[in-house]
Every structure is written in C-alpha cells, then in structure tokens.
Amino acid sequence: MEIFLAILIGVLYTAGVYMVLRRSILKFIIGIIFMSNATNLLVFLASGIVAGKPAFVDDAVKNADNIADPLPQALVLTAVVIGFGLVVFALALKLKFFETTGTDDLDQLKKTDN
Amino acid sequence: MTAIALPILFPFLLILVFIAVKSNRTAQLIAVVGTAVLVVISIYLFFEVQKYGILTLDMGGWKSPMAITLVVDYLSVLMLIVSSLIVFALSIYAIYFMPGQHKSTRFYVFFFALIMGVNGAFITGDVFNLYVWFEVILISSFVLIIIGNSKEQLEGGIKYMALNLIGSLLFLAGLGLLYGKTGTLNMAHLAQILRAEEQSILINSSTALFFIAFGIKAAVFPLFFWLPASYHTPNITISALFAGLLTKVGVYALIRFFTLFFVQDQAFWLNMLLVVAGFTMVVGGMAASAHYDVRRILSYHIISQIGYMIMGLAIFTPLAIAGAIFFMIHNMIAKTNTFLIAGMINKIKGTFYLKDIGGLLSQSPLLAVLFIIPAFALVGVPPLSGFFAKFILVKAGIESKDYIIVAVAVLTAMLTLYSMIKIWNEAFLKESPTTELAKSEEVKLRFGHFLPSIILGIASVLLGLFAATIFEFATRAANQLIEPAAYINSVLNHTMP
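All figures in this text were calculated on a predicted structure; none of them were measured in a lab. In this numbering scheme, every chain counts its residues from 1 along its sequence in written order. To read the labels, note that chains go from A and ligands from 1, taken in the order they are written. With the structure being a predicted model, the display of local features is reserved for residues of pLDDT at least 70 and the display and counting of side-chain atom pairs for 80 or more, all residues being used for whole-chain, interface and lining totals.

A.B. asks: Looking at this structure, how should I read the overall build of chain B?
C.D. replies: Counting its secondary structure elements, chain B contains 22 helices and 2 strands. Compactness check: chain B gives a C-alpha radius of gyration of 22 Å against a globular reference of 23 Å for 497 residues, within 12% of the reference. Judged by the C-alpha coordinates and their principal axes, chain B covers about 70 × 55 × 40 Å. Counting other C-beta atoms within 10 Å of a residue's own tells you its class, since 20 or more makes it buried, 12 or fewer makes it exposed, and anything in between is partly exposed; those C-beta atoms are placed from the backbone. Classification of the 497 residues of chain B by burial places 62% in the buried group. Of the contacts made within chain B by residues no fewer than 6 positions apart, 80% connect residues no fewer than 24 positions apart. A run of H or I in DSSP becomes a helix once it reaches four residues, and a run of E becomes a strand once it reaches two; helices and strands are each numbered from the N terminus. Based on C-alpha atoms, the radius of gyration is set beside the globule rule, defined as 2.2 Å times the residue count to the power 0.38. Note on contacts: each residue gets a C-beta atom placed from the backbone, and two residues are in contact if those atoms are within 7 Å.

This is the structure in structure tokens:
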C-alpha cells in the first residue's frame, strides 16, 4: 500500500509543479491544489499507516499494536481544512482580479515588479 | 501559568468584539486601548520570565509532549514586547491613515487576526501549532494586502499569495517527514531526541524543507522576490505592519529551529546560512539603491536587513545570536518607523515618488527630525540602536574569524547609508519641483499624525541609550537558545508553577 501511495504522491507533485509553472492563474491554483493534496498524503504516509485499526479506543485495548496513531490523522484533517480555505481565497482573489483587469495571464502581471 | 495564553486569547476576544462593532470611532478606540493592553500583558510576562526563567503552559488538559505547549522564554517575550509596541503605534496611525469605514473594510478584524497569529507564532512550543499560526498570519495578511481592491493591490496580492502558499506547503511537508522520523512535534521533545544521537542523513530532508519554507517567509536571498513585488501596493499602514512583523516571524522561526533542534550537520547548514546572509544583504541593499519610490526603497531595504539577522544566527556564538536578537528588536522598530514617515510624506505631497517631492525640511521640520532618527538608527550612527546592533554582530564575526561576512556587513551599511541619504536629499533637502501635482496637494499634518512615529522614535533612542540593559537581556535569550537544557527541562518536566 505504501508504494502505491508514494507513487501517487510523486505523480501529484509532478502534476502540481507542472501546473504551477503554467501561465494561467487558474492553472496555478489547480497546481496548488495538487501539491496541497500531495503534501497531505505525504504527512499521512510519512508517519506510518496501518490497515484496519481504529485511531480512538477505550481503555480496554492495552496493546499499542491494535490502534492507529491518531495524531497524523488529526494533522492531516487540520491541514486539509486550512488548504481548502486558502484555495477558496485564492479563487476569490483570482475572480476579483479577472473582473478588474480581464486577464488570466501571469505574464501580464508586470505592473508591481519594477 | 495561564497568563501565557493571553497574547493569543486577548486579540481573539477583540476580533469577536470587532465583528459586532459598527461605528468607526468605537472601533478605533477599542483598537488603541486593546493594543495598549497587549503591551501591558507582554511587559507583565517579561517580569514573570525574569522571575521564573521559562514559562510553560500545556493546552487542552494533556501533559507535554502530547499537549500543545506554549513556551515563553526571553526570546519570545522580547519579540512579544516589540511587536505589541509596534501594533500599538500602528493602531494610532491607522486612525489617520487608514481610509474607509470599519463597517465596509473590517480592517481591524484582520489587523488583530494578524496580531494573534504573530503572537501565537512567538510563544508556541509545537511545530504543527506553529504551522497553524503561520496560516493565521497568511490568511489575514492576504485580506489586508488587498483592502482597497485596486488593480495594483490585487496584482501584488496574487504575487504575495503565490510564493507564500508554496512556502507553507513545504513547511507542512517538512513537519510531516519530521514527525515520521521522530514521532513527536513538540519542540522540546524534538530537541531532546535530535540532540541525543546524530542521524543527520535522516533529518536533513526536513531541515532543507524547513529552511526553504522559513526562507520564503523571512525573504532571504534567493527567495525574496514576492516581497518587493507586493509590499509597496497596500495602504501604508498595512505595509508598515508587514514590514515590522511578518518577515521577522520567519527569522524568529529560523533562529528557534536552528538553535533548538536542527543542530545536526551544523558545519553545512551554518555555512549555507552564512552565504545566504551575505547575498541577502548585498542584493537587497543594491536593489534598494536603484529605486526612486520611497516604499520600494524601504521594501528592498527590509531584505538587506534580514541578512544581518541571519548572519548572527549563522555565526552561532552566544554573542552573535545575542547580536541577531538585538538587531531584530532594533530593526522592527526602526523599519516600521521609516514606513510611517513614508506615509506622512505621501500625506503631505500626495505621492511616494521621490522625483516629484522635495522641500520637506522647510515645510515640516518635525518630520525631518522624525525621519533622521530611524534612518540614522538603520545606518548605525551612534548613539542610536543600530550602531550597537551592528557593532555586536561585527565583533562576533571577527571573534569567530568570519572576516568575509564582516566585510560584507560593513559594506552593506554603506549601501544603507546611500539609500537613506537618497531619501533625505530628494524628499527633504531638494527644492520642491514646481509641477502641478506638487502644488495642488499640500496638507498640514496635526500632532496625531506624528504621534506613532514619535513613540517609535523615542523607542529607538532609548534602545540606544540603554543598549547595555537590552544587550543583557538579548544575551540571556541567546544563552537560553544555545544551551537548551533549561528549555527542554521546563517543558518536559513541568517545572513551572
């Protein structure tokens, strides 16, 4: 299972980087979504995954082998929510920018550079 | 010690109040009183730190290392005091320089959200919690930077957002890998584990990710390009707020991580930091001298000054780290102050562009004096704060035989002098150019306009006059960082009342 997830993470990062380097702002945001999901999976995978074990148990379960580590799940959950919020803001910003300037082309963003 | 949570809880309460408040006047009043209370809270915490050493608080009813721990040591509390002083000055400044109604902009909601995030980042003792505070800072600064909705602000906002989003993704990836390798995210626990055995080959991947993530936040070379592309677009109050606090949170995180637990393979990482510091100083200083917009000069100058702080961290002796902390305190105050002056220049002349303004020395001598204080402080003229900050760093550099970085630091001071003299010559000394723009927009400033700058100016002078006392505290902070046994002990063994 780990190997598939690892490949998936790699594919998502590749796709994300490719999209981030495109000229369109919308594609940039899609790239951020890919990379954000890849990062969430990475956090989840790096801290060890176990199949079919609950994360929260009552006091009856004494053996640590019978439970999954709840912390990475909590971390990923938090990170997913934060990433979701950021992407929504980015989309709103993109919409506003498109309404004011009528362009979606990152190469047109030269006003504030020099 | 539940009072530790106050720098986070109090701004949060104020946010709730601001959502309900409709009137502009009331909002301004609450903001000034609220930030004044924040100053009092952080000074109170300072005395507590003096009494007990390191304060800790485990949140959520668990014991550390499972709980999210809040830790206040000398470094945290010094940063808290300086940042709350800056936001106090800015809350007065916002009354005069922040246009628009509170009802429509909700400026204060995000102003205090940013303060909450910054304070949280300064006092947290948990890596994931730090990530959350960074996101709080990020999302509130996104909103602040585009208040006004002009074309330029939206464009600056997109550039600011783009690199910072990637920075926080790298941060998250780094902490995920770190958790996978150590099984903990509590900073003290990490320090205990990573200092016990050398496994740099496993840890370096996380170190690199954190280095880049914080490097983007701190705007070091070559990751700083979002800063000059966006800092000059928002309202000047917001620029000043960002200039004073945001990049310094990145530097704080770098100092915290690289002194506390990223101590493996130090020969490589410290050299890397040293090279980065040198380039940051020079590139920032040179770019600053090429511009004629006051805000752009000051934005590039922020980058140049970040280099000095990184230099202090990279030399990694107690003296150098104390110098870096002293430099941060000095720079946060003086840098914010120069942005405030830029706002006042704009208020009088109606533009930030140096070629269109002039003759301010005769028009407003008080403004000239107020500009001289932070400008000379940044350049490093004794008896102001910058002199001592640079002196300590240079002394530490010579003691550890890093002569190249010392030479770069001294030369960069010349570049700083050049940019400051340029602003002085063009804005204050030169005759006012007789264009129509300059004639039509002549505004008289009242005392209230000057007050925030006066507060920060006095703070700069006092930092210089009582440099020995401040340096003593900075040294204690540096010693706590270099010898983290006390930090680890007080977090993990709950030695606090």
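A.B. asks: Can you help me understand the overall build of chain A in this one?
C.D. replies: Along chain A, the regular secondary structure elements total 3 helices and 0 strands. Helices (α) and strands (β) of chain A occur, in sequence order from the N terminus, as α-α-α. Taken over the C-alpha trace, chain A has a radius of gyration of 19 Å; the compact-globule value for 114 residues is 13 Å, which it surpasses by more than 25%. Dimensions of chain A, computed from C-alpha atoms along their principal axes, come out at roughly 65 × 25 × 25 Å. Each of the 114 residues in chain A was classed as buried or not, and the buried ones make up 26%.

A.B. asks: How do you make sense of the domain arrangement of chain B when you look at a structure like this?
C.D. replies: Much of the literature gives interface size as the accessible area that the parts lose upon coming together. Residue and element names in this part refer to chain B. By the assigned domains, chain B splits into domain 1 (1-264) and domain 2 (265-465). One C-alpha centre belongs to domain 1, the other to domain 2; they are set 23 Å apart. Each partner contributes to the interface: domain 1 provides 38 residues, whereas domain 2 provides 41 residues. Where the side of domain 1 that touches domain 2 is concerned, the elements lending two or more residues are α3 (74-97), α9 (200-218), α10 (226-230) and α11 (236-260). Sorting elements by how many residues they give to the side of domain 1 that touches domain 2 places α11 first, with 12 residues. Each domain's extent is set by a domain assignment, obtained either automatically or from a database.

A.B. asks: How should the interface of chain B and chain A be read in this particular structure?
C.D. replies: Facing 28 residues of chain B, the contacting portion of chain A comprises 29 residues. The leading source of residues in the side of chain B that touches chain A is helix α7 (residues 151-182) of chain B, at 18 residues. Taken together, the residues of the side of chain B that touches chain A break down into 16 nonpolar, 7 polar and 5 charged. Residue type decides the class: Asp, Glu, Lys and Arg count as charged, Ala, Val, Leu, Ile, Met, Phe, Trp, Tyr, Cys and Pro as nonpolar, and the leftover types, Gly among them, as polar.

A.B. asks: Would you mind showing me how to read unusual backbone geometry here?
C.D. replies: Glycine aside, the phi torsion of most residues is negative, and most peptide linkages are trans. Residue and element names in this part refer to chain B. The peptide bond linking Phe221 to Pro222 adopts the cis configuration, its omega dihedral lying at -5 degrees. Residue placement: Pro222 occurs in the loop between α9 and α10. Omega for the bond connecting Pro382 with Pro383 falls within 30 degrees of zero, at 5 degrees, which places this linkage in the cis form. Checked against the element boundaries, Pro383 lands in the loop between α16 (365-379) and α17 (385-399). In this structure, Asp265 takes a positive phi of about 60 degrees despite not being glycine. Mapped onto the fold, Asp265 is located in the loop between α11 and α12 (266-289). Positive phi is not limited to glycine here, since Lys401 has a value of about 65 degrees.

A.B. asks: What exactly am I supposed to notice about helix α5 (residues 107-123) of chain B here?
C.D. replies: By definition here, a helix of n residues has an expected span of 1.5 Å times n minus one. For α5(B), with 17 residues, the first-to-last C-alpha span of 25 Å sits near the 24 Å given by 1.5 Å per residue. The buried fraction of α5(B) amounts to 17 of the 17 residues, a majority that puts the element mostly inside the structure.

A.B. asks: Whenever I open this one, the environment of Val81(A) confuses me. Can you help?
C.D. replies: Within the element layout of this structure, Val81(A) appears in helix α3 (residues 70-101). With 24 residues separating them along the chain, Val81(A) and Val57(A) place their C-alpha atoms 25 Å apart.

A.B. asks: Even after reading the chapter, I still don't get the environment of Trp62(B), so can you show me in this structure?
C.D. replies: All names here are of chain B. Considering the arrangement of structural elements, one finds Trp62 in the loop between β1 (55-58) and β2 (69-72). The exposed category is assigned to Trp62, around which 11 C-beta atoms lie within 10 Å. Here the alpha-carbon distance between Trp62 and Leu429, two residues 367 residues apart in the chain, equals 62 Å.

A.B. asks: For this particular structure, what's the right way to read the environment of Lys395(B)?
C.D. replies: All names here are of chain B. Topologically, Lys395 is positioned in helix α17. Overall, the presence of 14 C-beta atoms within 10 Å leaves Lys395 in the partly exposed class. Considering only alpha carbons, one finds Lys395 and Val406, 11 residues apart in sequence, at a separation of 8.5 Å.

A.B. asks: Hey, could you run me through the packing of α17(B) against helix α20 (residues 447-465) of chain B in this one?
C.D. replies: Packed helix pairs are characterised by how far apart their axes lie and by the angle those axes make with each other. Residue and element names in this part refer to chain B. Note on geometry: axes are C-alpha line fits, over the in-contact stretch for helices, and angles between N-to-C directions span 0 to 180 degrees. Between α17 and α20, the shortest axis-to-axis distance is 7 Å and the interhelical angle comes to 45 degrees. The orientation of α17 with respect to α20, classified from their angle, is oblique. Contacts from Ser385, Phe387 and Phe388 of α17 reach α20 at Ser460, Leu463 and Gly464. Residue classes in the contact of α17 with α20 are distributed as 3 nonpolar, 3 polar and no charged. By the definition adopted for this analysis, an angle is roughly parallel if under 35 degrees, roughly antiparallel if over 145, roughly perpendicular if from 65 to 115, and oblique otherwise.

A.B. asks: Is there a simple way to think about helix α13 (residues 294-315) of chain B in this case?
C.D. replies: It helps to recall that an α-helix has 3.6 residues per turn; residues three or four apart then point in one direction. Residues and elements named next belong to chain B. For α13, spanning 22 residues, the distance from its first C-alpha to its last is 32 Å, which sits close to the expected 32 Å at 1.5 Å a residue. Burial within α13 is extensive, with 22 of its 22 residues counted as buried. Following α13 by one or two positions, Phe316 has its phi on the positive side, about 60 degrees.

A.B. asks: When you look at the nonpolar core in this model, what are you seeing that I'm missing?
C.D. replies: As a rule of thumb, soluble globular proteins bury nonpolar side chains together. Residue and element names in this part refer to chain B. Counting residues in hydrophobic clusters, the biggest one holds 231 residues, and the most contacted among them are Leu313, Ile325 and Phe326. In terms of residue count, helix α14 (residues 318-349) provides more of this core than any other element does, 20 residues in total. When residues of this core are assigned to domains, at least three fall in each of domain 1 (1-264) and domain 2 (265-465). Setting aside anything within four residues of it in sequence, one finds Phe326 in contact with Phe388, Ala389, Ile392, Ile470, Phe471 and Ala474. Note on terminology: a nonpolar core is any set of buried Ala, Val, Leu, Ile, Met, Phe, Trp, Tyr and Cys residues joined through C-beta atoms within 7 Å.

A.B. asks: What is the right way to read the confidence of the model for chain B from this model?
C.D. replies: A low pLDDT means the predicted coordinates there should not be read in detail. Residues and elements named next belong to chain B. A residue's pLDDT is the confidence the predictor assigns to it, expressed on a 0 to 100 scale. Put simply, chain B has an average pLDDT of 89, and 97% of its residues get 70 or more. The spread of mean pLDDT over the elements of chain B runs between helix α19 (residues 436-440), the lowest at 52, and α5, the highest at 94. Here the prediction assigns the complex a pTM of 0.93, and the interface score ipTM is 0.92.

A.B. asks: Could you clarify how one ought to interpret the pairing of β2(B) in this entry?
C.D. replies: In summary, the side chains of a regular strand alternate between the two faces of the sheet. Residue and element names in this part refer to chain B. Residue alternation in β2 divides its side chains into two sets, Thr69 and Val71 and Leu70 and Val72, and both sets are buried. Pairing between strands is defined by DSSP: at least two bridges between the two strands are required. For β1 and β2, the ladder comprises 4 bridges, and the chain directions are antiparallel. Each bridged residue has a counterpart across the sheet, and for Leu57 the counterpart in β2 is Leu70.

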